[in-house]
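Residue-level structural notes
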Amino acid sequence: MNIDEIFDFTSFTIDREPHIVLDDKVCAGCDVRGCTNCCPARCYTWSEAEQKMTFVYDGCLECGSCYVVCQRNAFTRWRYPRGGFGVSFRMT
Ligand code: SF4
């Protein structure tokens, strides 16, 4: 089952200004990395080789899980996308 089937979303309108921004240094010092497990859109990827977190906000489903599970408050910005941007869920 892919993400389209699970969440039944219509589309994304991507804002050039990210609505979530991470502090790379805080992420690099984290050994829990709950974001990599909780994000339903798999926006977070940890590279063991580079000791670096990669975050892609384009597919964010705006669930808020990463904000809740992050034990280090690694966000320099966490807000919902500006009006007219982000995910649009299908009305059924
Ligand atoms: Fe992933 Fe939800 Fe955080 Fe968006 S708000 S990055 S979908 S965990």
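Refer to the preceding data block for the structure.
Keep in mind that this is a model prediction, so the values were computed, not measured. (Residues numbered from 1 in each chain as written. Predicted model: local features only at pLDDT ≥ 70, side-chain atom pairs only at ≥ 80, totals over all residues. Heavy atoms only, no water.)

To continue, consider the overall build of the protein chain. Helix and strand counts for the protein chain stand at four helices and six strands. In the protein chain, the succession of helices and strands from N to C terminus is α-β-β-α-α-β-β-α-β-β. Counting over 92 residues, the protein chain shows a buried share of 29%. As displayed, the protein chain has an accessible area near 6200 Å², and 50% of this comes from carbon and sulfur atoms. (Helix = DSSP H or I, 4+ residues; strand = E, 2+ residues; numbered from the N terminus. Buried < 20%, exposed > 50% of the residue type's maximum accessible area, 1.4 Å probe, protein only. Areas by Shrake-Rupley, 256 points an atom, 1.4 Å probe, with all protein chains shown as cover.)

Under the criterion given, the structure shown has two salt bridges. Between R82 and D15 there is a salt bridge, with the nearest N and O atoms lying 2.7 Å from each other. With R82 in the loop between β5 (75-78) and β6 (86-89) and D15 in the loop between β1 (9-13) and β2 (20-22), this pair connects stretches of sequence that are 67 residues apart. Classification of R82 as partly exposed rests on a relative accessible area of 39%. Salt-bridge contacts for R79 lead to E17; the nearest nitrogen and oxygen are separated by 2.4 Å. One end of the pair, R79, is in the loop between β5 and β6; the other, E17, is in the loop between β1 and β2, with 62 residues separating them in the sequence. (Salt bridge = Lys/Arg side-chain N within 4 Å of Asp/Glu carboxyl O.)

Time to look at a nonpolar patch on the surface. Together, Y67, V68 and V69 make up a nonpolar patch on the protein surface, roughly 300 Å² of accessible area in all. By the secondary structure assignment, V68 is in helix α4 (residues 65-69). (Patch = residues over 30% accessible without salt bridge, like charges linked within 9 Å, V, L, I, M, F, W, Y side chains within 5 Å.)

This paragraph deals with empty space enclosed by the protein. Gaps between atoms show up when a probe of the same size as a water molecule is rolled over them. According to the stated counting rule, one finds three cavities of 30 Å³ or more in the structure shown. Approximately 150 Å³ is the volume attributed to the largest cavity. Together, 16 residues line the largest cavity, and C30, R33, C35, C70 and A74 are the ones closest to its centre. Broken down by class, the residue content of the lining of the largest cavity amounts to twelve nonpolar, two polar and two charged. (1 Å grid on protein atoms, 1.4 Å probe; cavity = no way out; pocket = protein on both sides within 12 Å on 5 of 7 lines; lining within 4 Å. Points joined across faces, edges and corners; volume = space filled by probe spheres on them. Nonpolar A, V, L, I, M, F, W, Y, C, P; charged D, E, K, R; others polar.)

All right, on to unusual backbone geometry then. One non-glycine residue, Q51, lies in positive phi territory at about 55 degrees. As for its placement among the helices and strands, Q51 is situated in the loop between β3 (44-47) and β4 (52-55). The phi dihedral of N73 is positive, around 50 degrees, even though this residue is not glycine. As for its placement among the helices and strands, N73 is situated in the loop between α4 and β5. N73 gets classed as exposed once you look at its relative accessible area, which sits at 54%.

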